[in-house]
Amino acid sequence: MSFGPRLRTRGGATLRKRWTRVVSTLRRPHKCPRCSAMKVRRISVGIWRCRKCGFTFAGGAYQPQTKLGKLAAR
Ligand SMILES: [Zn+2]
């Protein structure tokens, strides 16, 4: 995957790449902060729910925990 500088037009490829990563992050199950099960799914923008223990919490729009949240949890 090596593109010449001439093929890089207006960051379109970069945006698509980033979106692919966001979608794959969304579809992957996440770890529950309460019971540690990999059962957390996004039910709405910024709202996440664990399908094992039913724990619902607010998080990032695309990830259950933002970097700030991880720092606070330490
Ligand atoms: Zn849970």
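The structure under discussion appears in the preceding block.
Residues numbered from 1 in each chain as written. Predicted model: local features only at pLDDT ≥ 70, side-chain atom pairs only at ≥ 80, totals over all residues. Heavy atoms only, no water.

Turning our eyes to something else, we now look at the coordination of the zinc ion. Coordination sphere of the zinc ion, protein contribution only: C32 (SG), C35 (SG), C50 (SG) and C53 (SG), at 2.2 to 2.3 Å. Around the zinc ion sit four donor atoms; with metal-centred angles ranging over 106 to 114 degrees, the donor geometry is tetrahedral. Read in sequence order, the donor residues for the zinc ion give the motif C-x2-C-x14-C-x2-C. Placement of the pair is C32 in the loop between α1 (12-27) and β1 (40-44) and C50 in strand β2 (residues 47-50), with a sequence separation of 18 residues. Residue C32 shares its accessibility class with C50, and that shared class is buried. (Donors = N, O, S within 2.8 Å, 3.2 Å for Na, K, Ca; no water. Tetrahedral: all angles 85-135°; square planar, octahedral: opposite > 155°, others 65-115°. Helix = DSSP H or I, 4+ residues; strand = E, 2+ residues; numbered from the N terminus. Buried < 20%, exposed > 50% of the residue type's maximum accessible area, 1.4 Å probe, protein only.)

Attention now moves to the packing of aromatic side chains. With the rule as written, the count across this model stands at one aromatic pair. With centroids separated by 5.4 Å and ring planes inclined at 20 degrees, the aromatic side chains of F55 and F57 adopt a geometry described as stacked. Looking at F55, the relative accessible area reads 26%, which means it is partly exposed. (Phe/Tyr/Trp six-rings, centres within 6.5 Å; stacked < 30°, edge-to-face > 60°.)

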